[in-house]
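Letter by letter, the chains look like this.
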Amino acid sequence: MDRECALLLPGVCAVLSGSGSSLPDDTSLEKLLDWFTGITEAGGSLLEACPCLLKLISTVVHNAASDPGVLSFALRLTGLLAATEESFETIQEHSVLNEVFNLQHWQEAGLWEDPCLRIGWIQGLRSMLQHPKALSFFVQSEFIDPLLQLQTDTSLFIAAAANQMLAHILLFFQPVPPAGCKGVDTKEKDDGMTPSSTDYTAVVKSISGYLKESLVPKESKNVRQSLQTLKLLALLLAQAGPPLRDKLLQTVGDSLEELVTAGSSELTLPLMDVILSACSSGTDERITRLLSSMLNINKPADLIHAAAAFLRRGQHDTVHTARAVRILLLPLDIMTGQTLLGTISTADEHQFSVVEQLKSKSSCISIICVCLSNTPQITLTPPDVLPCLPVSIVTTVLSLLKICSGNSPSSSTGCSEVSRNVIGSGKVQKCALEALTTLTSSPGAKERISEVFTVLIQYLENPDSDPTVLHKSYQALLKWTSVCTDFSFITDQLRHDLVEVVKKRVCDMRWEVKDSTVEFLGHLAGVCDSIKAAAEECDSSEALLGGCSTTPLLREALQDSESYVRASAISALAKTLTHRWQQGATLTEEEPEIVSRLLEILSQDSEGFPRRAVVQYFISWYSSHSPPSSSSSLLMQSVRSVLSQGRADLDWEVKVHTLVLAELLLDEAFSGHPGYKKGSDSHHAPPHAYGVVSEQAYTLHTHTATHTEGAESDLAVVVEQGVVSVLLSGLVDCDRPVALKACRLLITLRETVCPLSLGALDASAAMATVSCELPGCGWGREIIKILKMKKSDQAKEEDIADQRGLNGAEEGADSVCVSVCEALRSLGLDERMEVLTQSSDHIHNSPLSLLQDILTASATHTKPGEEVIVDCY
Amino acid sequence: MKLYCLSGHPTLPCNVLKFKSTTIMLDCGLDTTSVLNFLPLPLVHSPRLSKLPGWVSKDGSANLEKELKECAGRVFVDSQPEFCLPERELLDLSTIDVILISNYHCMMALPYITEHTGFTGTVYATEPTLTIGRLFMEELVNFMERVPKAQSATCWKNKEMQRMLPGPLKDVVDVWAWKRSYSIQEVNSALSKVQLVGYSQKVELFGAVQVSPLSSGYSLGSSNWIIQSHHEKVSYVSGSSLLTTHPQPMDQSSLKNSDVLILTGLTQMPTANPDGMLGEFCSNLAMTIRAGGNVLVPCYSSGVIYDLLECLYQFIDSANLGTTPFYFISPVANSSLEFSQIFAEWLCHNKQSKVYLPEPPFPHAELIQTNKLKHYPSIHGDFSSEFRQPCVVFTGHPSLRFGDVVHFMELWGKSSINTIIFTEPDFSYLDALAPYQPLAMKCVYCPIDTRLNFHQVSKLLKEVQPLHVVCPEQYTQPPLTQSHRSDLMLELQPPPMPYRRCSVLNLPHRRRYERVYILPELANSLVPSEIKPGVSLATVSAVLHSKDNKHTLQSVPKPPPVAPSKKRKRVLEEPPAVLAPKTLLSGAVPLEAFLATLQKHGFTEVKVEETADGHILHLQAEDTLIQLEEDGTHIVCDNNEPLRTTLRDLVLRFLQKL
């Protein structure tokens, strides 16, 4: 804790000891606690640093008029303070603990009704219970019963917190097995006779007793208690070591059996959770039996959910896996008439009840969706567990898709009363398409690729498919294309159908559909490229679209009225042309037209997305082109326009993209230069544009290598290309991500052409001659201002002529020329960098500011009339 | 109550309902699918059609070269197209009192019914139905008369001859009943019998029933009908739609509590969702235009075309079709576009409110103003000078057998860059295209049928809960081509009564009550007595007077005064004799209790005999019989008045007096 904060804290404590109602906003207390927690976690002792806190606690607790929020804060703070044995003892000495957590006191004061206080109580105890002494205190104070009561509190948050707390006590203090990995110091556990051991036994006894009691609902209204108890049990069993686990199972075994037999739908999933948690932590005959019973309950919907839960856990119990697989395949078998399960003999009665369930539309859809979403996992189970070949599951999903679209030729094999429920159901269609997409990885799936394509093309063709369904169909098509190594199965008819449907869909009425289609074309080009790279088979890209060029379709989409579609068309075009660029293919006739349309979009489009896409188009072109090609001059010419337009754009993302393009040019210009560190910026890119950038401080390259000849000509080239202008204008941009990126690039440039370490005079004279022009207004003026300020700060030996020139710039609106090196050195880039890397709210987020806020607010509160506007970041 | 079914076409119905003393025809749709068996009527001489070979049977025994032509493996009649009329032999059409029309598609057979059959009744229809129906008829007549064909082929209809013909000509039935189009005079005469009605307007028919049209939401002025008497209600549901298109929304609630609901005019395309089809239409249109091709849309001159134009109005800008010309060619194009704008009160709420802005309800006005949509009466004249390609042409007739569409088929059919998009669901597109084969043009089938689908109709029926439903037999089983789709049929409890052409159904509803009016003075004379709380009875003696299906109870005319005399005053003083009601008895005589009472009064020897209607008590000592029956009690004793009186009083003890 820094000194300033330490000085302010007593004042804040005084404020809080008062009524507490004058807090600047309701998050202040949370922020204070967060800060304290941070200090504790870092190993600091709060009690030593701020003795006033203890006083604060006891004042607040004794003040009958304390705000419940502040009381809750005091409770949690106490717990935090008492988290180590040492401070626990200190607090005990002040006999604060008994007062703070005295339940009776709160109940009598009528404050217990306030959920705020109850949660404070739980969380305070939770923070404190990190050592055996705390446990002893907990047990001696007989807190276990009230805590158990809170488990079914009316407030969900409190109930959940109580559950977590109960689990924490049992798990945290459980005796560590010899090879133990967690828990309390072993020295305390060694003899097994430490006070905590008896305390722990007591706690285990009462909690497990409670579990046994409350597991089976006595009346229907007690279901919530059972639910909570099951959740707690699942938490415990998942992490409990063998002694605790065995003890728990021994206690609740009968109740669990009773619950399984009762078969309440509401409890199926939590119950399954408990059983699976128990299974995962060890084997036990009884638990295995329970699991078997769960997979044999006679309510089809519950059974399917139970089976799905079992499969999701990914357990490798062959018998039960086989059972779960059969359960999940049965509805699909019934619906499609595909014999997935062979001849069904014993389960006839069960099948009958499933059929009955499937006849109701809503439960049919939900059951089928659960089954579908588990099919990919089913195909990956060992073959001896599967009742059929994995490939038949692919066939089943396909025939389900056909039924859904009403295209099934005849469902003479399936049950028509059931299948009518899914006809036209978008939900089932989406689920089935998702399953189909994932099924690419199942063994033998590739055999069905031709059927898959047929069905997917039918879906794309279907006028009633909704946009999401179409989107998922495209995704499935791409996924299947990407795993396909042999396109010979694609008949001319399929190819023709696909081309026709894509042509139709790019003209769709709904922009979402146009967008998905255009995106699909782009991704397809990407997929085809990767296949090509793998198979080195040049004509495979045409295999799918039958040699049909998609460029005209995409060019048409550039004119679309919807900005998303224009943006997608631009990126799709980039993906489509990447391969040509990489090969250095000659410029086609349409490329110049595309480029001019793109530049038009960049300069005129009113929406940001297409403009961003345009800059990215040029980024990918620039990064994939091979220099000696016929397209180079067109590229370089357009890049120049992109830089100058992108720089002036209103959208900050366009500007950042423009800077990326500028970076590529820098990379190219200086890649041969020993001082240049290529891609120095890309690793630092913040994950989110607005995120705090603090991962790595920017390191300066302190190399002293002499400059190679030609660096100045390279510099002259980038100046001429407009790169330097982009960087400088970016530097003074009001959007932080833009300024940050520009600043980094400028520093890189500076370190390459005129590092500070060399000293101003060492810079080669030739380099100093390279200058760039700054416009007399806008960003140019901003740069000039900075330069001028720096100059006046610096020694007077500065060139007077320059000074004059800068003065002149301020008077008129004429542009001025400045030496690039000069500018790079005098812009104060490093200080700027430091400021820019801090997030924009770093000042308002500091503990100091928080303390000040609290104090100011209370001052205003006592002097009404003045209003403080709190920063609401 | 009887229903005579004169048409087997589920969406072009013609039924006759006999209800109380009225005979009501419900719609008179004209089945035009018969024209598909005929060769197209080209507007301009078509060398291709004129060179088609005549048909001769393989063994040469049948030679109909003049009448039948062969094209792409099918045989067509080379004559003016003929239509399949509603059945005219099932009942005497002159007995029909009224014809109720539900929409302009369902009145095309009107001239065949009202003219030359002795029909003397009235036709009821809404104003837009009449106006647009007239346009349709005029267009049809125009299409036919503008390409006159002297020849009328009849030899092929010969039974012996027809048997030898290849399908589908071989299988068509009732060919002798097929008729050529009517004349404009017949149209005018038929339509002069129409009387206009507004939604919910009640029309009395002979005092027996009341009919009233309800909005059905399908087309401008389209209606369902309620036919009701005081105690019975029959609903007639014809083409109806729940989609939000241009017409006023469907009135569903008035259909509630029907005894019988006659359900016709469901969608012909249960699997084609209109929204999806509209999207399909637009994307195929844009795709063709972008590729430099022309789009031909065979359509009727009113109805879905308004929605198509509205949809295109929004679509053309987003699809960059702003410069593509749209042509609407029909003899009645202008009237159709203009009439649609003036029927504000028949439009959906959204469009109605535009009238007050003021703005034309339909955006096609703007398309016309900006020259994006141009309309012409025919391909001759102005059109030929304005015609620019690539373009989109909307024109009739959807059967492709007559009208300007024939010309465009000949013009564009050979090029694969052109597309024909079918939007009308009335004709199978493959059959429509048959005489144009081989065809290079791309064909797209997007039938847009906004009428109720099975899902909507079962929901509707659940809501309005009719006691009985009558419908075409086609609705009671899944479509032939999709026999597994059990969701594409009506499933009701009790099952609907199916009908087919020429069916005569005895509707299951029995009339049980009739309303009778009572004149005030007669009512005034009644003296009701309460037999239980809320229920009073009174006896009435009156004369029942029936006229125009109205029944009235009038006072019994008093016997004419004997003679004006001095006694008159006395007569007038005797009214109590009339007013005092005779006591009426009610109740039953319980046997056991009665026997006990008899015993108490000394009748000890009683022999009880059970009969079909009750019991006979034989008082042996007195030799007297008492017959206790459900509706009467008789005491038979000879000349023993005191005994009779005693016994009578004993019986009366058990009965209640009014």
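Owing to the predicted nature of the structure, the values given are computational and were not obtained by experimental measurement.

Quick notes on helix 28 (residues 492-505) of chain A
Residue pairs three or four apart in sequence face the same way in an α-helix, which turns once every 3.6 residues. Between its first and last C-alpha, helix 28 of chain A extends 20 Å over 14 residues, near the 20 Å set by a 1.5 Å rise per residue. Those residues of helix 28 of chain A not exposed but buried are Leu 494, Arg 495, Leu 498, Val 499, Val 501, Val 502, Lys 504 and Arg 505 of chain A.

A short note on the UniProt feature "domain: Beta-Casp" (unreviewed entry) in chain B
According to UniProt, the feature "domain: Beta-Casp" (unreviewed entry) maps to residues 305-433 of chain B in the numbering used here. Structurally, residues 305-433 of chain B is divided into 42% helix and 12% strand, and its ends, taken at the C-alpha atoms, are 21 Å apart.

So, the pairing of strand 20 (residues 419-422) of chain B
Residues and elements named next belong to chain B. Both faces of strand 20 are covered, namely the face carrying Thr 419 and Ile 421 and the face carrying Ile 420 and Phe 422. Judged from the four bridges that link them, strand 20 and strand 21 (residues 442-445) form a sheet pairing that is parallel. Residue pairing for strand 21: Thr 419 is matched across the bridge by Lys 442.

Notes on the sheet that holds strand 20 of chain B
All names here are of chain B. The parallel open sheet is built from six strands, whose spatial order is 18-17-19-16-20-21. Looking at the sheet topology across the chains shown, the edges are occupied by strand 18 (373-376) and strand 21. Ignoring strand direction, the axes of neighbouring strands in this sheet form an average angle of 20 degrees.

Some remarks on the packing of aromatic side chains
Within this structure, the stated rule accounts for 38 aromatic pairs over all chains. Ring centres of Trp 112 of chain A and Trp 121 of chain A lie 5.5 Å apart, and the angle between their planes is 90 degrees; this geometry places the pair in the edge-to-face category. No difference in accessibility class separates Trp 112 of chain A from Trp 121 of chain A, as the two residues are buried. Look at Tyr 429 of chain B and Tyr 445 of chain B: their rings are 4.6 Å apart centre to centre, the planes differ by 20 degrees, and that puts the pair in the stacked class. Taken together, the residues span a long stretch of sequence, with Tyr 429 of chain B in helix 13 (residues 429-433) and Tyr 445 of chain B in strand 21 at a distance of 16 residues. Its relative accessible area of 26% is what places Tyr 429 of chain B among the partly exposed residues. Connected via pairs of aromatic rings, a cluster forms that spans Phe 88, Trp 112, Trp 121, Phe 137, Phe 138 and Phe 143 of chain A. Sitting over the face of the ring of Phe 362 of chain B, Lys 351 of chain B holds its NZ or CZ atom 5.1 Å from the ring centroid.

Focus: the packing of helix 34 (residues 608-624) of chain A against helix 35 (residues 632-647) of chain A
Helix packing for two helices is described by the angle between their axes and how far apart those axes are. Residue and element names in this part refer to chain A. Axis separation between helix 34 and helix 35 bottoms out at 11 Å; the angle between their running directions is 145 degrees. Considering how the two elements wind past one another, helix 34 and helix 35 form a crossing that is left-handed. Side by side, helix 34 and helix 35 meet where Val 615, Phe 618, Trp 621 and Tyr 622 of the first sit next to Leu 634, Leu 635, Met 636, Ser 638, Val 639 and Val 642 of the second. For the contact of helix 34 with helix 35, the residue count by class is nine nonpolar, one polar and no charged.

What about the pattern of salt bridges?
Counted under the stated rule, the structure contains 55 salt bridges over all chains. For Glu 491 of chain B, the salt bridge identified is with Arg 420 of chain A, shortest N-O distance 3.2 Å. Taken together, the positions of Glu 491 of chain B in the loop between strand 22 (468-472) and strand 23 (497-499) and Arg 420 of chain A in the loop between helix 24 (416-419) and helix 25 (426-438) put the pair across two chains. Accessibility expressed as a relative area gives 24% for Arg 420 of chain A, which makes it partly exposed. Each of Asp 254, Glu 257, Arg 286 and Arg 289 of chain A takes part in salt bridges that share partners, so that together they form one network.

Structural notes on the environment of Gly 11 of chain A
One can find Gly 11 of chain A in helix 1 (residues 3-17). Here the alpha-carbon distance between Gly 11 of chain A and Ile 854 of chain A, two residues 843 residues apart in the chain, equals 9.4 Å.

Conventions and cut-offs
- Residues numbered from 1 in each chain as written.
- Chains lettered and ligands numbered in written order.
- Predicted model: local features only at pLDDT ≥ 70, side-chain atom pairs only at ≥ 80, totals over all residues.
- Heavy atoms only, no water.
- Helix = DSSP H or I, 4+ residues; strand = E, 2+ residues; numbered from the N terminus.
- Expected span 1.5 Å × (residues − 1).
- Buried < 20%, exposed > 50% of the residue type's maximum accessible area, 1.4 Å probe, protein only.
- UniProt positions renumbered as here; feature names shortened; annotations may be inferred.
- Pairing = 2+ DSSP bridges.
- Axes fitted to C-alpha atoms, helices over the stretch in contact; angles between N-to-C directions.
- Phe/Tyr/Trp six-rings, centres within 6.5 Å; stacked < 30°, edge-to-face > 60°.
- Lys NZ or Arg CZ within 6 Å of the ring centre and 35° of its normal.
- Left-handed = near helix turned anticlockwise from the far one by under 90°.
- Contact = heavy atoms within 4.5 Å.
- Nonpolar A, V, L, I, M, F, W, Y, C, P; charged D, E, K, R; others polar.
- Salt bridge = Lys/Arg side-chain N within 4 Å of Asp/Glu carboxyl O.

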